[in-house]
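# Secondary and tertiary structure notes
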Amino acid sequence: MSKSSVSSESSDSPNSSIAPVSVTKRSASSDEARRVNLEGIDIESLLPFTRLFSSFRMAMQPGKLLLAFVMIVLVYMGGRTLDWVFAGMGSVAYPGEISQYARLDAEAFDQWLEDRPTWTQDQLDRQMRWLPKEVSGDADAGADGADDDLMTLFDDAIERIDGHFVAEHADLKNNANPDLKPGVLDQRLASIRRDRAHKVATLLDMRPRGIFASALDYKMDCLDRLMRAVVSFDLGLGNSGAGVGGRAGETVGGKVGGVGGNMGGVVGALRDLMVTLPGWLMRAHPVYWMCYLLMAVIIYPIFCGALARMAAVNASLNQSIGAFTALKFSVSKYVSFVMTPMVPAVLAGLVLLVLWLGGLVFFNLMVLDVVGGLLFFGAIGLGLFATMTLILLVTGGGMMYPALAVEGTDAFDVVSRVYNYVLFRPWRWLFYTAVGLGYGVVVYLVLAGIVNVSLSITQGVVAAGVGDAAIGAVNRFDLIMPGDTAALLSEGVDETVWLSWTGSLASMAVRMWMYALVALLWAFAVSFYFCAHTWIYLLLRRVSDGTEFDDIAVTSGSAH
């Protein structure tokens, strides 16, 4: 029967009034055509901010790590050298000095600094009274109020304490009663070591330190608090003000912040890092601050500029350049790298100088003060301009070197670009920065955890093969190698006093390699910083100017 006859019969049937329902079958090819092929989607084009996640891979390249490592070593050695020079001239930092700067007003802080040498000397004398006279020596030497000998006095005092306890330890061990119960001798030897550690730790808590060493410890504490705040999503926006009678926070009495301020979270850590620390250096140690800035002007533009150039080429062209080529670029642009962060700072400084001169001229004489009051709207405008300039310097400062490395122009063009991007795309800048910061913190914490676990495993396994008979109940290798990076970086009690001279040399060698590993971890953090900020700049440039990522300045005489 044909299809036409079927249709005719159906139309003549009693149910012909009911329209037939046609069913269309979908072919397999049409279903496949409607499917979304996720593998074919370019995620980076759809979500450009995901390019920030490539910063880890970029930062791990050996050339960038090497440059950052060398820069960190040079800065550390330069800072320690400055500490040695200034300590010889009597310029040191006292324990809690930055805390006092953070919580006291200027006059009270200056008085605290003036009284601290005498107070420290008195405390040292009291702590040394327990020693026999022939051991304690003359602790009053140099107690005439000058602090240029305090570090030496503390070093001598610790040496006398070490000599006393080492002699007591050796005497007990060599002349112990052979009839003592097992374990009793080890307990007595351990008691001597604990007493010695307690006495030395007490002196270390009072001992003045180098300015660079104190600043470095404070900076590491700020960065640690910053990472903890980022991981716990604690922005600290509700506690952004300084405490009553204080400036802004530092750890004081176990709490962060000035009196009643409780400066915590991301805001508190960043303020302590960017405001409190440099403010303390400029207030308490201005000469040291100038010397450090001179060293920084020599080192940072060359190495940071090279890192930024390597990151720019890597991000824009997906290519790598050598460290030597990058250094040639930063040297050729050295003046621009020096001037770029200085332009807004100098501009804000000049505006503040105008305000100071206005106060000097208009508000010191009668009649002129009335004129000054009428013109004060101009002073408010200048103050607002200076404030915005400094805020934009802090917020956009991380993009200045990457911008210069990408564009290859001059300082004024770079500052103009960065300020425009931050000012007119603030929410995008904030989003990109938050993503980069969060990702960087997580990656750094993972790497730091791997390093610490590796060191702990290494120490435990090696110590298992080392005997402890020469020391007593303490494993010899535990005295040679600190347990982790925290024990290595903290100025704790040196336990190598119980070792022979060969053990001390071995400990120095082991610590040297551990310091190198820690410096390499920090080198990754520096490398990641420039890689992430390079992507932030490129993303803001693309959304603001429509410039593609691969648009980068090419220097003459080189491939990039």
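See the structure above.
Residues numbered from 1 in each chain as written. Predicted model: local features only at pLDDT ≥ 70, side-chain atom pairs only at ≥ 80, totals over all residues. Heavy atoms only, no water.

### Description of the overall build of the chain
Scanning the chain from terminus to terminus reveals 23 helices and two strands. When the 560 residues of the chain are sorted by exposure, 39% land in the buried category. Put simply, of all contacts in the chain between residues at least 6 apart along the chain, 77% involve residues at least 24 apart. About 30200 Å² of surface is accessible on the chain, with carbon and sulfur atoms providing 64% of the total. (Helix = DSSP H or I, 4+ residues; strand = E, 2+ residues; numbered from the N terminus. Buried < 20%, exposed > 50% of the residue type's maximum accessible area, 1.4 Å probe, protein only. Contact = heavy atoms within 4.5 Å. Areas by Shrake-Rupley, 256 points an atom, 1.4 Å probe, with all protein chains shown as cover.)

### Looking at helix 23 (residues 501-545)
Here helix 23 contains 45 residues, and its C-alpha end-to-end distance of 65 Å stays within 8% of the 66 Å for a straight helix at 1.5 Å per residue. After helix 23 finishes, the residue Gly546 shows a positive phi value of roughly 75°. (Expected span 1.5 Å × (residues − 1).)

### Digging into the nonpolar core
Counting 126 residues, the largest nonpolar core has Leu203, Trp280, Met399 and Val418 as its most contacted members. Among the elements that make up this core, the one with the highest residue count is helix 23 (17 residues). Residues within four places of Met399 in sequence aside, it is in contact with Val418, Val422, Trp429, His533, Ile536, Tyr537 and Leu540. (Core = buried A, V, L, I, M, F, W, Y, C linked by side-chain atoms within 4.5 Å.)

### Observations concerning a nonpolar patch on the surface
Taken together, the side chains of Val335, Met339, Met342, Val346, Leu350, Leu353, Trp356, Leu357, Leu360 and Val361 make up a nonpolar region of the molecular surface, amounting to roughly 910 Å² of accessible area. Looking at where Leu360 falls in the secondary structure, it is placed in helix 15 (residues 334-362). When its relative accessible area of 44% is taken as the criterion, Leu360 is described as partly exposed. (Patch = residues over 30% accessible without salt bridge, like charges linked within 9 Å, V, L, I, M, F, W, Y side chains within 5 Å. Salt bridge = Lys/Arg side-chain N within 4 Å of Asp/Glu carboxyl O.)

### Details of the packing of aromatic side chains
One pass over the full model with this rule turns up 19 aromatic pairs. Geometrically, the ring pair formed by Tyr101 and Phe109 is edge-to-face, given 5.5 Å between the ring centres and 75° between the ring planes. With relative accessibility at 0%, the residue Phe109 sits in the buried group. Relative to Tyr432, the ring of Phe431 has its centre 6.0 Å away and its plane inclined at 55°; by these criteria the two rings are tilted. Through a chain of ring-to-ring contacts, the aromatic side chains of Phe49, Phe53, Phe56, Phe431, Tyr432, Tyr439, Phe524 and Phe528 assemble into a single cluster. (Phe/Tyr/Trp six-rings, centres within 6.5 Å; stacked < 30°, edge-to-face > 60°.)

### A look at the pattern of salt bridges
Evaluated as defined, the whole model comprises 12 salt bridges. Between Asp155 and Arg207 there is a salt bridge, and its shortest N-O distance comes to 3.0 Å. Here Arg207 lies in the loop between helix 10 (184-206) and helix 11 (211-231) and Asp155 lies in helix 9 (residues 150-174), a separation of 52 residues in the sequence. Residue Asp155 is classed as partly exposed on the basis of its relative accessible area, which comes to 36%. With a closest N to O distance of 3.5 Å, Arg542 and Glu548 form a salt bridge. The class of Arg542 is partly exposed, set by a relative accessible area of 34%. By sharing partners, the salt bridges in this structure join Glu407, Asp413, Arg417 and Arg541 into a single network.

### Some points on helix 9
Given a rise of 1.5 Å per residue, 25 residues ought to cover 36 Å, and the 36 Å separating the end C-alpha atoms of helix 9 matches this to within 8%. Among the residues of helix 9, Leu150, Met151, Leu153, Phe154, Ala157, Ile158, Ile161, Asp162, Phe165 and His169 are the ones counted as buried. Structurally, helix 9 contributes buried residues whose contacts are with helix 5 (62-88), helix 7 (106-127) and helix 10.

### Remarks on the packing of helix 18 (residues 400-407) against helix 23
In contact at an axis separation of 8 Å, helix 18 and helix 23 are set at 65° when each is read in the N-to-C sense. In terms of orientation, helix 18 and helix 23 fall into the roughly perpendicular class. Seen from above, helix 18 lies across helix 23 with right-handed handedness. Residue-level inspection shows Tyr401, Pro402, Ala403, Val406 and Glu407 of helix 18 in contact with helix 23, the latter providing Phe530, His533, Thr534, Tyr537, Leu538 and Arg541. Residue composition of the contact of helix 18 with helix 23, grouped by class: seven nonpolar, two polar and two charged. (Axes fitted to C-alpha atoms, helices over the stretch in contact; angles between N-to-C directions. Parallel < 35°, antiparallel > 145°, perpendicular 65-115°, else oblique. Left-handed = near helix turned anticlockwise from the far one by under 90°. Nonpolar A, V, L, I, M, F, W, Y, C, P; charged D, E, K, R; others polar.)

### Regarding unusual backbone geometry
Glycine aside, residues mostly have negative phi angles, and peptide bonds mostly take the trans form. Residues other than glycine seldom take positive phi values, yet Phe233 does so here, at roughly 55°. Among the secondary structure elements, Phe233 is positioned in the loop between helix 11 and strand 1 (251-252). One non-glycine residue with positive phi stands out, namely Val367, at about 75°.

### Description of the environment of Leu172
With respect to the helices, strands and loops of the structure, Leu172 is situated in helix 9. Between the C-alpha atoms of Leu172 and Leu189, which are 17 residues apart in sequence, the distance is 7.5 Å. The residues contacting Leu172, other than those within four sequence positions of it, are Leu185, Arg188, Leu189 and Ile192.

### Looking at the layout of surface pockets
Taken as a whole, the second largest pocket holds about 210 Å³ of empty space. Forming the walls of the second largest pocket are Val354, Leu355, Gly358, Gly359, Phe362, Phe363, Gly372, Leu375, Phe376, Gly378, Ala379 and Leu382. The set of elements that each furnish at least two residues to the lining of the second largest pocket consists of helix 15 and helix 17 (376-396). The dominant element in the lining of the second largest pocket, judged by the number of residues it contributes, is helix 15, at five residues. A per-class count over the lining of the second largest pocket returns eight nonpolar, four polar and no charged. (1 Å grid on protein atoms, 1.4 Å probe; cavity = no way out; pocket = protein on both sides within 12 Å on 5 of 7 lines; lining within 4 Å. Points joined across faces, edges and corners; volume = space filled by probe spheres on them.)

### Some thoughts on the side chain of Gln100
Along the polypeptide, Gln100 turns up in helix 6 (residues 97-103). What Gln100 contacts, discounting residues up to four positions off in sequence, is Phe109 and Trp112.

### A closer look at the side chain of Ser316
Along the polypeptide, Ser316 turns up in helix 13 (residues 286-317). Given the relative accessible area of 9%, Ser316 is considered buried. For Ser316, the side chain forms a polar contact with the main-chain oxygen of Phe549, separated by 3.0 Å. When neighbours within four sequence positions are excluded, Ser316 is seen to be in contact with Leu538, Phe549, Asp550 and Ile552. (Polar contact = N/O pair within 3.5 Å; in protein donor to acceptor, adjacent residues only side chain to side chain.)

### Comments concerning the environment of Val415
You can see Val415 is positioned in helix 19 (residues 411-424). Val415 gets classed as buried once you look at its relative accessible area, which sits at 9%. Note: C-alpha distance between Val415 and Leu404 (11 residues apart in sequence) is 9.1 Å. When sequence neighbours within four positions are dropped, the list of residues in contact with Val415 reads Thr340, Val343, Pro344 and Met400.

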